[in-house]
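Listed below are the residues making up each chain.
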Protein chains: 2
Amino acid sequence: MEPKRDGVYLHLDPWREALDKLLCNIDGRYRGERSPTEDMGETVPTRKAVGRVLDRPAFALISSPHYNAAAMDGIAVVAEDTYTASETNPVILRARAANRGAATELDGGHAGERTSISSIRGTCVWVDTGDPIPPGYDAVIMTEDVNPLGKGRIASGNEPGISEAPDDGEGAAEAVEIIRPAHPWQHVRLIGEDIVEQEMILPEGHVILPTDVAALLAAGLTEVHVRRKPVVHIIPTGTELAPPGVALAPGEIPEFNSSVLSALVEEWGGVPTTNEALPDDFDAISAAVRGALDNGADIVVVNAGSSAGREDFTPRVIQSVGRLLVRGAAIRPGKPVLLGVSRDGRPVLGLPGYPVSMVLTADLFLKPIIYGFLGRPVPERPRLRAYLTTRIVSSLGIEEFIRMRVGKVGERYVATPLGRGAGVTTGLLKSDGVTVIGALVEGFEEGREVEVQMWRPPEEVEKNAVIIGSHDLSLDVLHDILRRSRDPMGISSAHVGSTGGITAVSKGYAHAAGVHLLDETSGVYNIPYVKRYMPQKKAVLFRLAGRVQGIMVPRGNPKRIEGIADLARPDVTIVNRQRGAGTRILLDYYLKRLGIPPDVVKGYGREEHTHMAVAAAVKGGSADAGLGILAAARALGLDFIPLTVEAYDLLIPEEFFDKPPMSRVVEAALSPEFKKAVERLGGYDLSETGKVERV
Amino acid sequence: MEPKRDGVYLHLDPWREALDKLLCNIDGRYRGERSPTEDMGETVPTRKAVGRVLDRPAFALISSPHYNAAAMDGIAVVAEDTYTASETNPVILRARAANRGAATELDGGHAGERTSISSIRGTCVWVDTGDPIPPGYDAVIMTEDVNPLGKGRIASGNEPGISEAPDDGEGAAEAVEIIRPAHPWQHVRLIGEDIVEQEMILPEGHVILPTDVAALLAAGLTEVHVRRKPVVHIIPTGTELAPPGVALAPGEIPEFNSSVLSALVEEWGGVPTTNEALPDDFDAISAAVRGALDNGADIVVVNAGSSAGREDFTPRVIQSVGRLLVRGAAIRPGKPVLLGVSRDGRPVLGLPGYPVSMVLTADLFLKPIIYGFLGRPVPERPRLRAYLTTRIVSSLGIEEFIRMRVGKVGERYVATPLGRGAGVTTGLLKSDGVTVIGALVEGFEEGREVEVQMWRPPEEVEKNAVIIGSHDLSLDVLHDILRRSRDPMGISSAHVGSTGGITAVSKGYAHAAGVHLLDETSGVYNIPYVKRYMPQKKAVLFRLAGRVQGIMVPRGNPKRIEGIADLARPDVTIVNRQRGAGTRILLDYYLKRLGIPPDVVKGYGREEHTHMAVAAAVKGGSADAGLGILAAARALGLDFIPLTVEAYDLLIPEEFFDKPPMSRVVEAALSPEFKKAVERLGGYDLSETGKVERV
């Protein structure tokens, strides 16, 4: 199971093999020579046992009901007494309300009286649902079929004037009339009808649901024996780590991986414990691992330090407490994952440090171990087949996990891959699922159907509006408004620039595209482009906002940039938007007008995909200027030189315009809430919002 | 919204209307004039916020990364220095390991030296992933592409003998050689690449997932504002209630509804608090409701006392603290449910007492209120379409919720309704989902496709073996073995007797049937019946067990029953099995042989559907005797008069015999584990287990 040599990453098969062996060992500790003293299970009160896994079958201690019980509110009768009852020939029974416990005595008393009153056929006892059937009685007639007579109507000579006596309770008449016979045991729940003593209520391995609690408690089981939750000790390592919330120096990053991992461990059924963050120090880390094992941790996870970097000690740490089983996996992200065991067979894992890699490798390798401890199969994720909106390139020899954003456009699901590099922390959050590309596949073409393992439920994703094209902050505002509504939905957006958006819409990959394309000849926004690139489809251009475009520069404008011409100065480096982006076309338009060839502009070739990314580059000092919208500049405290107001439209095919999800997007765009929130951002002109142009 | 008159139960529409209004009111308290002092939300630490609902959008406080960071282990370089690098013409850079924080000074030092060593083109700084890029540098070259030269190879005249100096760290060579140019910002994660300060990370109404914690903490949000969980105060009422676990008198039932309801409230996102169980006393119950409202409960639930029984106070209790909105719903089970509001608009519900009714009405009426408080839509249950294995009869004017057991036989799902009366506590546990029959429908025929709302995941149900027919305890043993296996599956069984089983198998509604049918002419079990009733299908009769059949009588045999003839005595009442059951055919066979007409046997017409139910009837005293198997008698401590050993076979169509799930059932039946467990039950002869007869 040892890798051939360092740096040769292994395919997933050895991993699966090593995990299987490990799980068999863990399982053996449960199943082999199980003894009650082995602390693999524990006893918990049934009322606290929801979500726990039964360690042995649950057998009923008592029957339910444990007595013959009335199944209806009404009267308990002797069925035989009622056989002659009919509408024309009713049967009269002498009645008493039964006080629980007193029923027997009352009945004894009545039994003696039964024949003493001539017209009365027998006795009955008022019972509520759940009351015991008094001995000697064998059926219940429901209240609706009982006609209380009151005391006065009983034809008994020796009890005159009783009718004045106060009634001793609602419906507790002295005599009743019935017009239909009862059959034996009608409306009676017999002993054990529901649960029979000794019967198996739930099998071993069952995960206890809220509704199971009823059956267990009804069966007299106030406690149950369940699988103990494995304790997973998490050790965050890295000299660069700082506690979240403190001011950070360059090179310091907030330590949040342990919080994420804790939450995942809890979700999967383990008990997380977290070590303080340790510096990259072999002795400190291996002491912590040893300490965790001494304190009874079932699983130890070191995060990170599992790759080949200078300060990556985890492989050596694992070897110091036991054996390294697998080093590295041929997957991306997540390559440098480690699996080892302590000398007494407890799993010790090394997970990579990038949050997305950590989550994916924890899902692949830690989750099955926790489920193994609990004796449960790993639950499958829902899968769906979706059409790729853009091609994906993958490396041979590596199993690649591509995060996808998914939506449903018309009758088909569409999936857009998220950028691989981007989204180190937010990548999982922004994606709806993942597509696995096998080690022998070089990628998939646009339009191909791929399988997506969903981490959001498909029903949730189906409601989303898929808007692919140019990005604007007002889309985030719409998203927020729609999320807050009584029937929440979202906007699943991918940022591919305005022209990319038109292509996506024309191919049916999106409900709409955000576009702001200046036609250099006519000076008109959007319409000429849509007519040119999507001649075959009837569509609507819906004006979402007018946006002030301009040049973003650092606060104080240190390079004294006053207009487009300054961007060509040798001491100025810009950051540009990607090919096809409306903002890039705007820059090209201005450069052309001024006769400046693009290649004299330093940084013209550096492409970012959003306004905020351009603003961040300027803020971070890697560029002196970049074109973008006022809102982005304002969000990061940059100075701004306005150039023009451009039309930011949603291009919506006719077929989607007045149906959800787009009708709801349009509705949200016309709400006062949208107006208020966008005006607060600044840099927008909303006077034409809602203007509709059919193309 | 008041019902027309008592006892006229309303359809669900008024309920939905009342619920909608109530939810709008609750929502208004959030959305209308929200003020920070209104305690509808609360601040919690982000690391503890998983599963909570964001009360407002989360905006980033800091960018991530908050500095330009190395995206790879390697060296930070000035891209311009590397432009001429090629395999034939490598570029040599003078290198230093950067100690975090010291990088700047080192670099300052080197910058001065840059030209002093002739063959060296520039400087570089060793960086690990995540390290800050030192000022002046603008790209990273990954370790794999760096060739460390060691100090000896640098052609600098004034530093002889340095090669002996100890290396100050893995890979920290004094000089490196590179053969490929770097482009600016390659392998650098720029400020804000992932999260930009001020950016919206998550929208209002979002349910926080483990992976969201990474993004929130990376964005500097160590706490988040979430919806407060509504406090649901549960008041169990009923003079008959006893704490679970104590010895019970007749008429007492263990109080478990509050435990079930607590677990459900928690699952739905509320905080349950539980009142002590109260007797049926108006003053006590209304004092408890008032107390709960005074203590700040958001929702109060009284359970039960909501029907028209003599001691049902809940409607009056609700009127005493506010207003009754809806009384009763036209549904079964669950009719007597109540919805009211306190004077200040807080929901007060009355739920019925039967556990199944309580769970269904809580699901219909309490769950949407809790989700309303949390501002979330009620999640939908998975639905599937399944063929009915038997007909269902339903009443007009009532929306009926039929609990279903579901399996997949061949390519189609099949659903078998559970008995309606039975399973008051275990009915939900034993069912896989529910089918709703509208108020205007009188039922569905066998073979019709119906929709089932699943409460178990369809994937789980799909693995099950569907075995419809005669019941035997050994099926429970098989179920338990299969549940415990590494890939757990179950047996979904419905008890319709042997002949019902053959019909189900022949119609393709089941993978197998449990049969034990004695042919009165030939004295042979099963084979003649299968040939007669299923001539068209090739099948296998798999011998599961030989069973000792006999007469079950109370311990001590008070009526001195010695054989079948005694069952015809006038002082003996029996309990029988349903038509088509093998045990009933056995009784008929003996009665015929003895020349006893069935109608002289008292109780012949009373039908139970399982051996255990018959045993329970005898144990409970409602019958003096009943035919059944030894194991059932032994389980309840009854005496047993053996009659014969019969063959209990599984009838399995050829097409299912050697494929899962049936191959796994057969395998489990052949395991030593099965043998041991069944022998422990007693009354079985396993010498022919595994015998296969093709028919």
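Numbering of residues starts from 1 in each chain and follows the order in which that chain's sequence is written. Here chains are named by letter from A upward and ligands by number from 1 upward, in the order in which they appear as written. Since the coordinates come from a predicted model, pLDDT governs what is reported: local features require at least 70, and pairs of side-chain atoms require 80 or more to be given and counted, while whole-chain, interface and lining totals use all residues. The side-chain values count all of the structure's non-hydrogen atoms but skip hydrogen atoms and water molecules.

### A few points about the overall build of chain A
Piece 1. Helix and strand assignments come from DSSP, with helices taken as H or I runs of at least 4 residues and strands as E runs of at least 2, each series counted from the N terminus. Each helix and strand counted, chain A has 18 helices and 38 strands in total.
Piece 2. When each of the 695 residues of chain A is scored for burial, the buried share is 58%.
Piece 3. In chain A, the proportion of contacts linking residues at least 24 apart, taken out of those at least 6 apart, comes to 77%.
Piece 4. When the accessible surface of chain A is totalled, it reaches about 27,900 Å², and 51% of it is carbon and sulfur. The classification of residues rests on relative accessible area computed with a 1.4 Å probe and restricted to protein chains. Under 20% of the type maximum is buried, over 50% is exposed, and intermediate values are partly exposed. Note on definitions: a residue-residue contact is assigned when non-hydrogen atoms from the two residues lie within 4.5 Å. The method behind every accessible area is Shrake-Rupley, applied with a 1.4 Å probe, and residues are considered shielded solely by the protein chains displayed.

### So, the sheet that holds strand 20 (residues 338–342) of chain A
Residue and element names in this part refer to chain A.
Piece 1. In this analysis, strands are considered paired if DSSP registers two or more bridges between them. Pairing is mixed across the open sheet formed by six strands, whose spatial order is 16-13-17-21-20-18. The open sheet has two edge strands with one neighbour each: strand 16 (271–274) and strand 18 (322–327). Strand-to-strand twist of the sheet, defined as the mean angle between neighbouring strand axes without regard to direction, takes the value 20°.
Piece 2. As paired elements, strand 18 and strand 20 share five bridges and run antiparallel to each other. For Gly322, the partnering residue across the bridge sits in strand 20 and is Ser342.
Piece 3. For helices, the fitted axis covers only the stretch in contact; all axes are lines through C-alpha atoms, and the angles between them, taken along N-to-C directions, range from 0 to 180 degrees. Sitting on the sheet, helix 4 (residues 257–268) touches strand 13 (231–236), strand 16, strand 17 (299–303) and strand 21 (347–351), and the angle it makes with strand 16 is about 160°.
Piece 4. Contacting strand 13, strand 17, strand 20 and strand 21, helix 5 (residues 282–294) crosses the sheet at an angle of about 160° to strand 17.

### A look at a negative patch on the surface
Piece 1. A cluster of acidic side chains, namely Glu380(A), Glu459(B), Glu460(B) and Glu462(B), defines a negative patch on the protein surface.
Piece 2. With respect to the helices and strands, the residue Glu460(B) is situated in helix 9 (residues 458–462). Residues enter patches when they are more than 30% accessible in relative terms and free of salt bridges; like-charged ones are connected within 9 Å and nonpolar ones (Val, Leu, Ile, Met, Phe, Trp, Tyr) within 5 Å. Each reported salt bridge corresponds to a side-chain nitrogen of Lys or Arg within 4 Å of a carboxyl oxygen of Asp or Glu. His is not counted, nor are the chain ends, whereas Lys and Arg count as positive and Asp and Glu as negative. The location of each charge is read from NZ of Lys, CZ of Arg, CG of Asp or CD of Glu.

### Remarks on the packing of aromatic side chains
All names here are of chain A.
Piece 1. Two rings belonging to Phe, Tyr or Trp (six-membered ring only in the last case) form a pair when the distance between their centres is within 6.5 Å. Interplanar angles under 30 degrees mark stacking, angles over 60 mark edge-to-face geometry, and anything in between is tilted. Applying the stated criterion across every chain, the model contains four aromatic pairs over all chains.
Piece 2. A ring is considered to have a charge above it if a Lys NZ or an Arg CZ atom is located within 6 Å of its centre and within 35 degrees of its normal. Above the plane of the ring of Phe282 lies Arg316, whose end atom (NZ or CZ) is 4.7 Å from the centre.
Piece 3. Sitting over the face of the ring of Tyr529, Arg532 holds its NZ or CZ atom 5.0 Å from the ring centroid.

### Overview of the side chain of Asn576(A)
Residues and elements named next belong to chain A.
Piece 1. Looking at the element boundaries, Asn576 is found in strand 33 (residues 576–577).
Piece 2. From its side chain, Asn576 meets the backbone oxygen of Tyr604 in a polar contact 3.0 Å long.
Piece 3. Apart from residues lying up to four places away in sequence, Asn576 is in contact with Arg584, Leu587, Gly603, Tyr604, Arg606, Glu607, Glu608 and Val614. Any pair of nitrogen or oxygen atoms within 3.5 Å is treated as a polar contact; in protein, a donor-acceptor pairing is required on top of that, and neighbouring residues in sequence qualify only through side-chain atoms on both sides.

### Some remarks on the sheet that holds strand 21 (residues 347–351) of chain B
Residues and elements named next belong to chain B.
Piece 1. The strand order 16-13-17-21-20-18 describes an open sheet built from six strands, whose pairing is mixed. On the outer flanks of this sheet lie strand 16 (271–274) and strand 18 (322–327), each paired with one strand and no other. Along the sheet, successive strands turn relative to each other by an average axial angle of 20°, direction set aside.
Piece 2. The pairing of strand 17 (residues 299–303) with strand 21 spans four bridges and is parallel.

### Focus on the packing of helix 4 of chain A against helix 3 (residues 210–218) of chain B
Piece 1. Contact pair helix 4 of chain A / helix 3 of chain B: the axes reach a minimum separation of 8 Å and the direction vectors enclose 165°. Judged by the inter-axis angle, helix 4 of chain A sits roughly antiparallel to helix 3 of chain B. Once helix 4 of chain A is placed against helix 3 of chain B, the crossing between them reads as right-handed. Every residue of helix 3 of chain B that contacts helix 4 of chain A at Ser259(A), Val260(A), Ala263(A), Leu264(A) and Glu267(A) is listed here: Pro210(B), Thr211(B), Val213(B), Ala214(B) and Leu217(B). The cut-offs work like this: below 35 degrees is roughly parallel, past 145 is roughly antiparallel, 65 to 115 is roughly perpendicular, and the gaps in between are oblique. Crossing chirality is assigned from the near helix's rotation relative to the far helix, an anticlockwise turn below a right angle marking it left-handed and a clockwise turn marking it right-handed.

### A word on helix 11 (residues 497–506) of chain B
Residue and element names in this part refer to chain B.
Piece 1. Among the ten residues that make up helix 11, seven are buried, leaving the element largely enclosed by the rest of the structure.
Piece 2. For helix 11, every residue scored as buried is listed here: Gly497, Ser498, Gly501, Ile502, Ala504, Val505 and Ser506.
Piece 3. Where the residues of helix 11 are buried, they touch strand 29 (465–469), strand 30 (491–495), strand 31 (513–515), helix 12 (527–533), helix 13 (582–594) and strand 36 (639–653).
Piece 4. Directly after helix 11, the chain includes Gly508, whose backbone phi takes a positive value near 80°.

### As for unusual backbone geometry
Negative phi values dominate among residues other than glycine, just as trans dominates among peptide bonds.
Residue and element names in this part refer to chain A.
Piece 1. With an omega of -10°, the peptide bond between Ser64 and Pro65 qualifies as cis.
Piece 2. Residue position: Pro65 is located in the loop between strand 2 (58–59) and strand 3 (69–70).
Piece 3. A positive phi angle is found at Arg560, which is not glycine, with a value near 50°.
Piece 4. Within the secondary structure, Arg560 is located in the loop between strand 32 (539–553) and strand 33.

### Observations regarding the pairing of strand 29 of chain B
All names here are of chain B.
Piece 1. With five of five residues buried, strand 29 is to be regarded as a mostly interior element.
Piece 2. The pairing of strand 29 with strand 30 spans five bridges and is parallel. Within the sheet, the bridge partner assigned to Val466 lies in strand 30 and is Ser492.
Piece 3. Here the term right-handed applies to a crossover when the path leading from its first strand over the helix to its second strand runs clockwise, the strands being oriented away from the viewer. Between the parallel elements strand 29 and strand 30, the chain passes through helix 10 (residues 473–484) in a crossover that is right-handed.

### Some details on the interface of chain A and chain B
Piece 1. Each partner contributes to the interface: chain A provides 109 residues, whereas chain B provides 111 residues.
Piece 2. In this assembly, chain A packs against chain B so that about 8,800 Å² is buried in total across both faces, 58% of it on carbon and sulfur atoms.
Piece 3. Put simply, chain A and chain B have six residue pairs in polar contact (both at pLDDT 80 or more) between them.
Piece 4. The element contributing the most residues to the side of chain A that touches chain B is helix 3 (residues 210–218) of chain A, with eight residues.
Piece 5. Residues are grouped as follows: Ala, Val, Leu, Ile, Met, Phe, Trp, Tyr, Cys and Pro are nonpolar; Asp, Glu, Lys and Arg are charged; every other residue, Gly included, is polar. Of the residues that constitute the side of chain A that touches chain B, the class distribution is 52 nonpolar, 25 polar and 32 charged. When two parts are brought into contact, each loses some accessible area as probed by a 1.4 Å sphere; the total of that loss over both is the buried area.

### As for the relation of the copies chain A and chain B
Piece 1. Copy-to-copy alignment: least squares on C-alpha atoms, limited to residues at pLDDT 70 or above in both. Superposing chain A onto chain B requires a rotation of 180° together with a translation of 0.1 Å along the rotation axis, leaving an RMSD of 0.1 Å. The superposition of one copy onto the other is thereby described by a two-fold rotation axis. No C-alpha of chain A lies nearer the rotation axis than that of Pro382(A), which sits 5.7 Å from it.
Piece 2. Here 100% of the contact residues of chain A are again contact residues in chain B; the copies associate through an equivalent surface.

### Quick look at helix 18 (residues 672–681) of chain A
One turn of the α-helix equals 3.6 residues, which is why residues spaced by three or four share an orientation.
All names here are of chain A.
Piece 1. Of all the residues in helix 18, the buried ones are Phe674, Ala677 and Val678. Take helix 18 and look down its axis: the buried residues cluster within an arc of 95°, on one side only. Turned more than 90 degrees from where helix 18 packs its buried face, Pro672, Lys676 and Arg680 sit exposed.
Piece 2. At its buried positions, helix 18 is contacted by helix 10 (473–484), strand 32, helix 17 (662–669) and strand 37 (684–685).
Piece 3. Gly682, located one to two residues past helix 18, shows a positive phi value of around 85°. Within this analysis, the arc is defined by the directions that extend from the helix axis to the C-beta atoms.

### A few points about the domain arrangement of chain A
Piece 1. These domain limits were set by an automatic method or by a database of domain assignments. Domain annotation of chain A identifies domain 1 (15–36 + 229–373), domain 2 (41–64 + 194–227), domain 3 (69–189), domain 4 (383–505) and domain 5 (529–694).
Piece 2. For domain 1 of chain A versus domain 5 of chain A, the distance between C-alpha centres works out to 45 Å.

### Re the environment of Ser262(A)
All names here are of chain A.
Piece 1. Within the secondary structure layout, Ser262 lies in helix 4.
Piece 2. Exposure remark for Ser262: the relative accessible area of 13% places this residue in the buried category.
Piece 3. Remark: the alpha-carbon pair of Ser262 and Glu204, spanning 58 residues in sequence, is separated by 27 Å.
Piece 4. In this structure Ser262 touches Ile234, Pro272 and Thr274, once residues within four positions along its chain are discounted.
Piece 5. Of the polar contacts made by the side chain of Ser262, one reaches the backbone oxygen of Ser258; its length is 2.8 Å.

### Quick word on the pattern of salt bridges
Piece 1. Under the defined criterion, the tally for this structure stands at 52 salt bridges over all chains.
Piece 2. A salt bridge links Glu688(A) to Lys691(A); its shortest N-O distance comes to 4.0 Å.
Piece 3. In this structure, Arg543(B) engages Asp649(B) in a salt bridge whose closest nitrogen and oxygen atoms are separated by 2.5 Å. With a gap of 106 residues between them, Arg543(B) in strand 32 (residues 539–553) and Asp649(B) in strand 36 connect regions that are remote in the sequence.
Piece 4. The exposure class assigned to Arg543(B) is buried, which follows from its relative accessible area of 13%.
Piece 5. Here Asp649(B) falls in the buried class, since its relative accessible area comes to 3%.

### What to know about the side chain of Thr583(B)
All names here are of chain B.
Piece 1. Tracing the backbone shows Thr583 in helix 13.
Piece 2. Within the structure, the side chain of Thr583 is placed 2.9 Å from the side chain of Gln549, a separation counted as a polar contact.
Piece 3. Thr583 has contacts with His516, Gln549, Arg577, His611, Leu627 and Gly628, leaving out every residue within four places of it along the chain.

### Re the packing of helix 5 of chain A against helix 6 (residues 314–321) of chain A
Residue and element names in this part refer to chain A.
Piece 1. At their nearest, the axes of helix 5 and helix 6 sit 9 Å apart, and the two run at 45° to each other. As summarised for this structure, helix 5 and helix 6 are arranged oblique, according to the angle between their axes. Judged by the sense of rotation from one axis to the other, the crossing of helix 5 with helix 6 is right-handed. The segment helix 5 lies against helix 6, with Phe282, Ile285, Ser286, Val289, Arg290 and Leu293 engaging Arg316, Val317, Ser320 and Val321.

### Observations concerning the environment of Tyr648(B)
Piece 1. With respect to the helices, strands and loops of the structure, Tyr648(B) is situated in strand 36.
Piece 2. Along the backbone, Tyr648(B) and Gly245(B) are 403 residues apart, and their C-alpha atoms lie at a distance of 37 Å.

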